[in-house]
Amino acid sequence: MKNLELNIENVFPFIPKETLDGYEELTNYHIRHLHQRTGKGANFLGWLDLPSTITEESLKGLEDLAAAMNEKIDVMVVVGIGGSYLGAKAVIDALTHSFGMCINRSRKYPRIIFAGQNISEDYLGELVDFLDGISYAITVIYKSGTTTEPAIAFRILRSHLEKKYGQEEAGKRIIAITSANRGALRKLADQREYRSFVIPDDVGGRYSLLTPVGMLPIVQAGFDIRQLVAGARKMEEITGPGTPFWDNPSAVYAAARNALYRQSPKTEILASYHPKLLYMAEWWKQLYGESEGKEKKGIFPASVNFTADLHSMGQYIQEGQRNLFETVISIEKPVRHVEIPEEEDDGDGLNFLAGKRIDYVNKMAELGTMLAHVDGGVPNILIKLPELNEYYLGQLMYFFEKACAISGYLMNVNPFDQPGVEAYKNNMFALLRKPGFEEETELIYKRLDS
């Protein structure tokens, strides 16, 4: 079976190979610190060996609960924000029929929808409207139980669920994924006897895909979490401390992006030519933005979806400021087979493509764009996935996680904390006059009045 393939040939016109050779010793040093748990943030490295330590009991428990719950619901609402929903949504969107919500036929698995990732009154109001006439359940995900966005959404949806089914039946339709023995959600889950799963204390949200945080929604949607784990396990194996630098894709990717960063590019654009990868890019942006963006350091993560964004962002990428580089995810083999038909009058001039697959045209657009961008001064990194399935998504996401940890260490930051996230929360709580924030409230209103 093939593996994810990393190609950095289009970095070398901008960075000599000898420069990357110089990263070998330092990168291997950081990989050893990761696996020995001796680097920054070592108390948040539980994700590192998750693929190889997930048990049969854990997998079966998730599968059995999903099967039992799925028998009586049409929709599962997953309540969470950041890493508590992005990993699952990335995988589910990548594997789901693009028009599955529009096709009128019986569903074997419930539709997975998300809440708690915003504070939009319209979104929540419309969600409640939607849930009025269907059978649904809630999976609520957060450690503290007090994160504002999901806490508000859960309070509203729990109230709706209890009014619809009564408290006893509603309790059977709520699954809590939270800390083992602390926080408001754990307390509520124990009091109401919700079925629950534990978020390990040593796994941060953005690295939590292979915990119940990501795995339960994915298996509820009908996808194979065993293959997801198998792919991640393979990538764990080939990115470990015993792998030579040039054979370790996570190490090479981390080194290449750091070498470019030190030269001048401060923005990395993640591009794909497959619309199903839109939320993969959103997951990637959180992973790298929260992990590296601190101490006035970090590569800014942006994303585009081609070829659509070539008609909006293509001009800037081609000829704008030369402070960026591009990482492209390419899917070698599409799931479907669609050929371009021949037409007698050839009014649109496309008969030269008659009999060609759509994917052939897409691949030529991908290659032509890469050549144009390199000629325009944009370094390119290429990540090839043989297919878009659970196994290769498991490889891809663990590859990015491992590379992110290495890259953060190369930047000399802790890639597992996010202290800056608290700044907006504190201001919001002060403006809302939350108890305990009286001093901050006074100061911030004085600032606004001045």
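Residues numbered from 1 in each chain as written. Predicted model: local features only at pLDDT ≥ 70, side-chain atom pairs only at ≥ 80, totals over all residues. Heavy atoms only, no water.

Draft legend 1. Inspection of the overall build of the protein chain at higher detail. Looking only at helices and strands, the protein chain features 18 helices and ten strands. Its C-alpha atoms give the protein chain a radius of gyration of 23 Å, within 12% of the compact-globule value 22 Å for 450 residues. Summarising its shape, the C-alpha atoms of the protein chain cover approximately 60 × 60 × 55 Å along the three principal directions. In the protein chain, buried positions account for 51% of the 450 residues. Sequence separation of 24 or more characterises 77% of the internal contacts of the protein chain that already satisfy a separation of 6 or more. (Helix = DSSP H or I, 4+ residues; strand = E, 2+ residues; numbered from the N terminus. Rg over C-alpha atoms; globule rule 2.2 N^0.38 Å. Buried < 20%, exposed > 50% of the residue type's maximum accessible area, 1.4 Å probe, protein only. Contact = heavy atoms within 4.5 Å.)

Draft legend 2. Fine view of helix H12 (residues 249–263). End to end, H12 covers 21 Å across 15 residues, agreeing with the expected 21 Å (1.5 Å per residue, within 8%). Counting buried residues along H12, 13 of its 15 residues qualify, which places the element largely inside the surrounding structure. (Expected span 1.5 Å × (residues − 1).)

Draft legend 3. Summary view of the pairing of strand S4 (residues 136–141). Of all six residues that make up S4, six are buried, and the element is covered over most of its length. Across the two faces of S4 the burial is the same, with Tyr-136, Ile-138 and Val-140 and Ala-137, Thr-139 and Ile-141 all buried. Inspection of the sheet shows strand S2 (residues 75–79) paired to S4 by five bridges, in the parallel sense. Residue pairing for S4: Val-77 is matched across the bridge by Ile-138. Examined bridge by bridge, S4 and strand S5 (residues 174–178) share four bridges and lie parallel to one another. Among the inter-strand pairings, Ile-141 is bridged to a residue of S5, identified as Ile-177. (Pairing = 2+ DSSP bridges.)

Draft legend 4. Region of the structure containing unusual backbone geometry. The step from Phe-306 to Thr-307 runs through a cis peptide bond, and the omega angle for that step is 10°. Backbone geometry at Arg-37 places phi at a positive 55°, although glycine is not the residue there. A residue is classified by how much of its surface remains accessible, and Arg-37, at 33% relative accessible area, is partly exposed. Look at Glu-295: it is not a glycine, yet its phi comes out positive at around 55°. With respect to the helices, strands and loops of the structure, Glu-295 is situated in the loop between helix H13 (278–292) and strand S8 (300–305).

Draft legend 5. Highlighting the nonpolar core. Core analysis: the largest hydrophobic core is formed by 98 residues, its most contacted members being Trp-47 and Phe-400. Counting residues in hydrophobic clusters, the runner-up holds 25 residues, among them Ala-115, Leu-127, Val-140 and Leu-188. (Core = buried A, V, L, I, M, F, W, Y, C linked by side-chain atoms within 4.5 Å.)

Draft legend 6. Fine view of the packing of helix H4 (residues 56–70) against helix H11 (residues 225–238). The contact between H4 and H11 brings their axes to 11 Å, and the two run at 145°. When H4 is examined against H11, the residues Glu-56, Leu-59, Lys-60, Leu-62 and Glu-63 are found in contact with a partner set consisting of Ile-225, Arg-226 and Val-229. Among the residues making up the contact of H4 with H11, the classes are represented as four nonpolar, no polar and four charged. (Axes fitted to C-alpha atoms, helices over the stretch in contact; angles between N-to-C directions. Nonpolar A, V, L, I, M, F, W, Y, C, P; charged D, E, K, R; others polar.)

Draft legend 7. Geometry of a nonpolar patch on the surface. On the surface, a cluster of nonpolar side chains totalling about 420 Å² of accessible area is made up of Tyr-360, Val-361, Met-364, Leu-367 and Leu-371. Take Leu-371: it is sitting in helix H15 (residues 358–375). (Patch = residues over 30% accessible without salt bridge, like charges linked within 9 Å, V, L, I, M, F, W, Y side chains within 5 Å. Areas by Shrake-Rupley, 256 points an atom, 1.4 Å probe, with all protein chains shown as cover. Salt bridge = Lys/Arg side-chain N within 4 Å of Asp/Glu carboxyl O.)

Draft legend 8. Quick peek at the pattern of salt bridges. The full count for this structure, using the stated rule, is 20 salt bridges. For Asp-417, the salt bridge is made with Lys-294, and the minimal N-O distance between the two is 2.8 Å. With a gap of 123 residues between them, Asp-417 in the loop between helix H16 (390–410) and helix H17 (421–431) and Lys-294 in the loop between H13 and S8 connect regions that are remote in the sequence. Residue classification places Asp-417 among the partly exposed residues on the basis of a relative accessible area of 27%. Look at the salt bridges and you will find they share partners, linking Glu-56, Glu-63 and Arg-226 into a network.

Draft legend 9. Just the side chain of Thr-27, in detail. Tracing the backbone through its elements, the reader meets Thr-27 in helix H2 (residues 24–36). For Thr-27, a relative accessible area of 0% corresponds to the buried category. In contact with Thr-27, other than residues within four places in its own chain, are Phe-245, Ala-251, Ala-255, Ile-406 and Leu-410.

Draft legend 10. Main features of the packing of aromatic side chains. For the structure on display, the rule yields 19 aromatic pairs. Ring plane angle 25° and centroid distance 4.8 Å describe the contact between Trp-47 and Tyr-207, whose orientation is recorded as stacked. With Trp-47 in the loop between H2 and helix H3 (50–53) and Tyr-207 in the loop between strand S6 (195–198) and helix H10 (212–220), the pair connects residues that are 160 residues apart, well separated along the chain. For Trp-47, a relative accessible area of 1% gives the class buried. In this structure an aromatic cluster arises from ring pairing among Tyr-253, Trp-283, Trp-284, Tyr-288, Phe-399 and Phe-400. Seen from the ring of Phe-154, Arg-158 lies directly overhead, with NZ or CZ sitting 5.0 Å from the centre. (Phe/Tyr/Trp six-rings, centres within 6.5 Å; stacked < 30°, edge-to-face > 60°. Lys NZ or Arg CZ within 6 Å of the ring centre and 35° of its normal.)

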